[in-house]
Each structure stands twice: as structure tokens, then as C-alpha cells.
Number of protein chains: 2
Amino acid sequence: MDGQEAIEELIAQMARLPGLGPRSARRAVLHLVKKRDARLVPLARLLTEVGQSVRPCLNCGNIATADICGICAAGDRANGQICVVEDVADLWAMERAQVFKGRYHVLGGTLSPLDDVGPDDLAIPKLRDRISAEAVTEVILALNATVDGQTTAHYVARELEATGVQVFGLARGMPVGGELDYMDDGTLRAALSQRQPI
Amino acid sequence: MDGQEAIEELIAQMARLPGLGPRSARRAVLHLVKKRDARLVPLARLLTEVGQSVRPCLNCGNIATADICGICAAGDRANGQICVVEDVADLWAMERAQVFKGRYHVLGGTLSPLDDVGPDDLAIPKLRDRISAEAVTEVILALNATVDGQTTAHYVARELEATGVQVFGLARGMPVGGELDYMDDGTLRAALSQRQPI
Ligand SMILES: [Zn+2]
Ligand SMILES: [Zn+2]
């Protein structure tokens, strides 16, 4: 591959990233080659480094740079709580919010007959194993408030019944900053029925 | 730097690319680490390869992987025409359209007093040198149809007067597929005054 072919191929690879298309990939590559030392070289080095170290956590499915991720390895996060998320992106969102002190379990998707995702495609047996192995008392199903997410939550809850663990879902209601006027009926119904004393 | 830090730093570097923000950079990195072999490793390899080979063409300012770019090196593109563009991105746009058979000259910007870009910041002396060195008979100023672009076009045209070369600008008019109803007054005025026999 000569240099020009490498540039073309680089644009093609960048264009396959989520959020980038052919046009923005070209702009991004142009930006990189114009700022080779400040941008392109560090990015190449970081990608190489991450590519050599990254793998899924054998325990929870988080992205890790060792067999067990930092969260699973941290003793102070073994508080008896496991937060079940659909995807690593959701785990990262929870961590950014700094609202959860326990461990996670990445399901790897939601049940979705249309997309041909069944129970066998999700990491449910491993979750069941962890409940006894890690003395878990509480499972929080932090799945999306969508039909697939809620179907999956109910399925997982039923699968965990025999373990005797407490299973929770996330609360429904008004998002912070939400305006009544813009809320859909389902949100308003949930916010009213789950009303809290002030 | 441990693996987790490398991932964070990779997200930060990706977020600095045009068209990506922190959120889309996280999504892109997550996508890459999930598809390490198919996406991340090839991208790292391509970036490294491009980083080692890429540099500006000493003749025209195009991005090259040798001292002289492929277009300047191709004998059949020495047809006496030079197309002057503001930026390498514009050169790529012309090449994609496959409408120009001559060589290019990248100005490196447009005159812009507000952004403190003056004549000394543009590659005009080199352009003047090339006109005699490459026996150029025609210069096409393919600059943006903006105030800065047109100011620059007039400035460059005046700078080239002594060379005796013919200087052209791009035609103005209706874009292909353009609807009269949506055109601004300036476009309609140009399209009418530069009307063509059918
Ligand atoms: Zn883990
Ligand atoms: Zn060149």
C-alpha cells in the first residue's frame, strides 16, 4: 500500500465509525494529516496502546485492560449491589454520574425478537453465578425505558426469582429540568403514580 | 500510562477531531474497542503508516506522501492550467468531481483582516514562480463564493497581472438541482446576467 492508498483507506475506516460519514471522515483525516505531530501521531500511538491492552472483563463484561476490570477488582465496590446494564456505554454513563457504588453486569443487549436476540445471547447465566459467588443481595436492572428494555427487565427478574435476591428497576418520572408541557403521557402517568412526599 | 488512562486519553484525542464531540468520541472509541481486530487494529496501523509518510507537496501544497505529490509528478497534468484553491479539502473536492485535468495550487487560506490573515500568509509568491517554471497559460481561481474568497481572488488576479497569464474565476449561477424559489438574490442576479444560449 503506498501513502496515498493508506490515506484513502484511513478515510474509509474513519467513515465506518458511528457518528462519522464519508464527508466528516475526510475532514477528520485532513485535520489529522495537517497536524501530524500534535494530533495524528498521538492518536496512532494511543490506538496502538489501547488495541494491545483492551479486552472484556471476564466477570462483568465491562471493557478492561486486564482479565478483570478495575471496578470488579476494587474491593470497596463489593457492596452486595449489582447494576445490570445493556451495554458498556450505559455502564460508562452510570460511572460518569457517580451515583452507584456497587458493581455492574453488562447483559450485552436486550431481548429483541425482531433483531433475533434471544435469552441465549444475553449474559444471564453468568449473572446468576455472580449472585451467589459475590454474595449479592440487590440487583438493579438499569435498562432503557423502551419496550425491549422493559421486556428484558421482566425476563431477567423472573430468571433471578429462584436466587432470592431483591430485584429493582429504575424509577420513572419527570427528568430533571423536564417541563410538564413537553412530557409524554406515559411519563406523566408514571410521575403521578410514583409521586413522592416533599 | 495504564490501559484505562489510555482509553480516556484516546477519547479526549478523538473528541478534538472536527465533527466529533465528547459524546460521539466515546461512542466511536467504544465501537473501536468492541471491534478490536476488525476496526481498532487496522485504524491504528493506517494512522501509523500515514503519520510516517505524509507531508505537504513542496510544489503545490497538496498533501503528499513524497516531496512532490502525485498530481504534480504526473506529466500528463502539466497542461498549462493551474487551479488555485484555498485548502487541500477544496483540491480533494475538485479531484472527486473529476472535472479538472491540470495542476493545483493550495493558497493556504483567504485574505481575512478579521482573522489576521494577510498576503504574506498565502502561497502567492510560489504561485508566481510556478507560472514561469511550468509554462502556465491559465490560472483558475476556484475560491469560495464568499466575501473573503472573492476579495482574495481579486487580490491574486492583480498580483498575477505582470505575468501575462490568463486568470479566470468560477462561473456563478444556479447549482444543479437548485430551485428558483430557494435561491438568494445574488445567485439569481448572477444566473441571469451570465445566462447561456441553450
Ligand atoms: Zn468487571
Ligand atoms: Zn503537488
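Here, residues in each chain are numbered from 1, in the same order as that chain's written sequence. All chains are assigned letters beginning at A, and all ligands numbers beginning at 1, according to the order in which they are written. Where local features are concerned, this predicted model is filtered to residues with pLDDT of at least 70; where side-chain atom pairs are given and counted, the filter is 80 or more; whole-chain, interface and lining totals use all residues. The basis for every side-chain value is the complete set of non-hydrogen atoms in the structure, without hydrogens or water.

Colleague: Pulling in residues and values, what's your account of the pairing of strand β4 (residues 103-106) of chain B?
Modeller: Type-normalised accessible area, obtained with a 1.4 Å probe on protein chains alone, sets the label of each residue: buried when under 20%, exposed when over 50%, and partly exposed for intermediate values. A run of H or I in DSSP counts as a helix once it spans at least four residues, and a run of E counts as a strand once it spans at least two, with each numbered from the N terminus. On β4(B), burial covers both faces: B:R103 and B:H105 on one face and B:Y104 and B:V106 on the other are all buried. Seen with its strands pointing away from the viewer, a crossover is right-handed when the path leading from the first strand over the helix to the second is clockwise. In the classification by handedness, the crossover that spans strand β3 (residues 81-85) of chain B, the intervening helix α5 (residues 88-97) of chain B and the parallel β4(B) is right-handed.

Colleague: Lay out the coordination of the zinc ion (ligand 1) with the relevant residues and their values.
Modeller: All names here are of chain A. A 2.8 Å cut-off from the metal defines N, O and S donors, relaxed to 3.2 Å for Na, K and Ca; water is not in the atom list, so some sites may appear incomplete. On the protein side, the zinc ion (ligand 1) has C57 (SG), C60 (SG), C69 (SG) and C72 (SG) as donor atoms, found 2.3 to 2.4 Å from it. Given four donor atoms and angles of 104 to 114° at the metal, the environment of the zinc ion (ligand 1) is assigned as tetrahedral. The sequence motif formed by the donor residues of the zinc ion (ligand 1) is C-x2-C-x8-C-x2-C. Of this pair, C60 sits in the loop between β1 (55-56) and β2 (63-64) while C72 sits in helix α4 (residues 70-73); the two residues are 12 residues apart in sequence, bridging distant segments of the chain. Of the two residues, C60 and C72, neither departs from the other in class, the shared state being buried. All geometry calls rest on donor angles, where a four-donor set with angles between 85 and 135 degrees is tetrahedral, four- and six-donor sets with opposite donors more than 155 degrees apart and all others between 65 and 115 are square planar and octahedral, and all else is irregular.

Colleague: Any chance you could break down the interface of chain B and chain A for me, citing the residues and the numbers?
Modeller: When the parts of a complex come together, some accessible area is lost, and that lost area is often used as the size of the interface. A contact between two residues is defined here by any heavy atoms of the two lying within 4.5 Å. Between chain B and chain A, the contact holds 47 residues from the first and 47 residues from the second. Between chain B and chain A, the buried area comes to about 4600 Å², and carbon and sulfur atoms account for 71% of it. Among the residues of chain B in contact with chain A, B:P18, B:L47 and B:W92 are the three that bury the most area, contributing 13% of the side total. Each salt bridge in this description consists of a side-chain nitrogen of Lys or Arg and a carboxyl oxygen of Asp or Glu lying within 4 Å of one another. Linking chain B with chain A are two salt bridges, by the criterion used here. Note that A:K34 is salt-bridged to B:D87, the shortest N-O span being 2.8 Å. Buried area, as used here, totals the accessible surface that two parts lose on assembly, with accessibility defined by a 1.4 Å probe and the loss added over both.

Colleague: Tell me about empty space enclosed by the protein, and please be specific about residues and values.
Modeller: The definitions used throughout rest on a 1 Å grid laid over the protein atoms alone, on which a cavity is an enclosed set of points accommodating a 1.4 Å probe that cannot get out and a pocket is an open set flanked by protein within 12 Å on both sides along at least five of seven lines; lining residues are those having an atom within 4 Å of a point. Grid points are joined across faces, edges and corners, and a volume is the space filled by probe spheres set on the points. Tallied over the full model, the rule gives one cavity of 30 Å³ or more. For the largest cavity, the calculated volume is near 40 Å³. Along the lines of polarity and charge, the residues of the lining of the largest cavity split into three nonpolar, three polar and three charged. In the scheme used here, Gly and all other residues not listed as nonpolar or charged are polar, with Ala, Val, Leu, Ile, Met, Phe, Trp, Tyr, Cys and Pro taken as nonpolar and Asp, Glu, Lys and Arg as charged.

Colleague: Now, about the UniProt feature "zinc finger region: C4-type" (unreviewed entry) in chain A: what can you tell me, with residues and values included?
Modeller: UniProt tags residues 57-72 of chain A as "zinc finger region: C4-type" (unreviewed entry). What you have in residues 57-72 of chain A is 19% helix and 12% strand, and the ends, taken at the C-alpha atoms, are 8 Å apart. UniProt positions are given in the numbering used here, feature names are shortened, and annotations may be inferred rather than shown by experiment.

Colleague: Explain the sheet that holds strand β4 (residues 103-106) of chain A residue by residue, including any values.
Modeller: Residues and elements named next belong to chain A. Here, any two strands with at least 2 DSSP bridges between them count as paired. Spatially, four strands are ordered β4-β3-β5-β6 in an open sheet, and the strand pairing comes out parallel. Every other strand in the sheet has two partners, leaving β4 and β6 (166-169) as the edge strands with one partner each. Shown here is a sheet whose adjacent strand axes are inclined to one another by a mean of 25°, direction ignored. Both strand β3 (residues 81-85) and β4 contribute to a ladder of four bridges, which runs parallel. In the strand pairing of β4, V84 is matched with H105. Axes here refer to lines fitted to C-alpha atoms; in helices the fit is confined to the stretch in contact. Angles between the N-to-C directions go from 0 to 180 degrees. Along the sheet, helix α5 (residues 88-97) makes contact with β3 and β4, crossing β4 at roughly 160°.

Colleague: How would you explain a nonpolar patch on the surface if you had to name every residue and give the values?
Modeller: Residue and element names in this part refer to chain A. Each patch is built from residues lacking any salt bridge and having more than 30% relative accessible area; the joining distance is 9 Å for like charges and 5 Å for nonpolar side chains (Val, Leu, Ile, Met, Phe, Trp, Tyr). Each accessible area is a Shrake-Rupley estimate made with a 1.4 Å probe; only the visible protein chains count as cover when residues are assessed. On the surface, a nonpolar cluster with roughly 250 Å² of combined accessible area is contributed by M174, L180 and L188. Inspection of the secondary structure assignment puts L188 in helix α8 (residues 185-193). Look at L188 and you get partly exposed, because its relative accessible area is 30%.

Colleague: I'd like a rundown of a negative patch on the surface, residues and numbers included.
Modeller: Residues and elements named next belong to chain A. A cluster of acidic side chains, namely D115, D116, D120 and D121, defines a negative patch on the protein surface. Relative to the helices and strands, D120 resides in the loop between β4 and α6 (124-133). By relative accessible area, D120 is classed as exposed at 79%. Only four residue types enter the tally: Lys and Arg on the positive side, Asp and Glu on the negative side, with His and both chain ends excluded. Taken as the charge location is NZ of Lys, CZ of Arg, CG of Asp or CD of Glu.

Colleague: Talk me through the relation of the copies chain B and chain A; I want residue IDs and the actual numbers.
Modeller: The transform that puts chain B on chain A rotates by 179° and translates by 0.0 Å along the axis, for an RMSD of 0.1 Å. Taken together, the rotation and translation relating the two chain copies correspond to the operation of a two-fold axis. In terms of proximity to the rotation axis, the leading residue of chain B is B:A44, whose C-alpha is 2.6 Å off the axis. A high fraction, 100%, of the interface residues of chain B reappear at the interface in chain A, so the copies pair face to face through one surface. C-alpha atoms of residues with pLDDT of at least 70 in both copies form the basis for the least-squares superposition of the copies.

Colleague: Tell me about the UniProt feature "domain: Toprim" (unreviewed entry) in chain A, and name the residues and values.
Modeller: The feature "domain: Toprim" (unreviewed entry), as given by UniProt, occupies residues 80-175 of chain A in the numbering adopted here. Annotation note: span residues 80-175 of chain A, helix share 34%, strand share 18%, distance between end C-alpha atoms 28 Å.

Colleague: Before we move on, could you go through the coordination of the zinc ion (ligand 2) and cite the residues and values that matter?
Modeller: Residues and elements named next belong to chain B. At this site the zinc ion (ligand 2) is bound by C57 (SG), C60 (SG), C69 (SG) and C72 (SG), with donor distances of 2.3 Å. With four donor atoms in place around the zinc ion (ligand 2) and angles of 104 to 114° between them, the coordination shape is tetrahedral. If you list the donors of the zinc ion (ligand 2) from N- to C-terminus, the spacing comes out as C-x2-C-x8-C-x2-C.

Colleague: Before we move on, can you summarise the pattern of salt bridges with the specific residues and values?
Modeller: Under the criterion given, the structure shown has 14 salt bridges over all chains. Here B:E134 ties to B:R130 by a salt bridge, and the two come within 2.6 Å at their closest N and O atoms. On the basis of relative accessibility, which here comes to 1%, the residue B:R130 falls in the buried class. Salt bridges here are not isolated pairs; linked through shared partners, they connect A:R103, A:R130 and A:E134.

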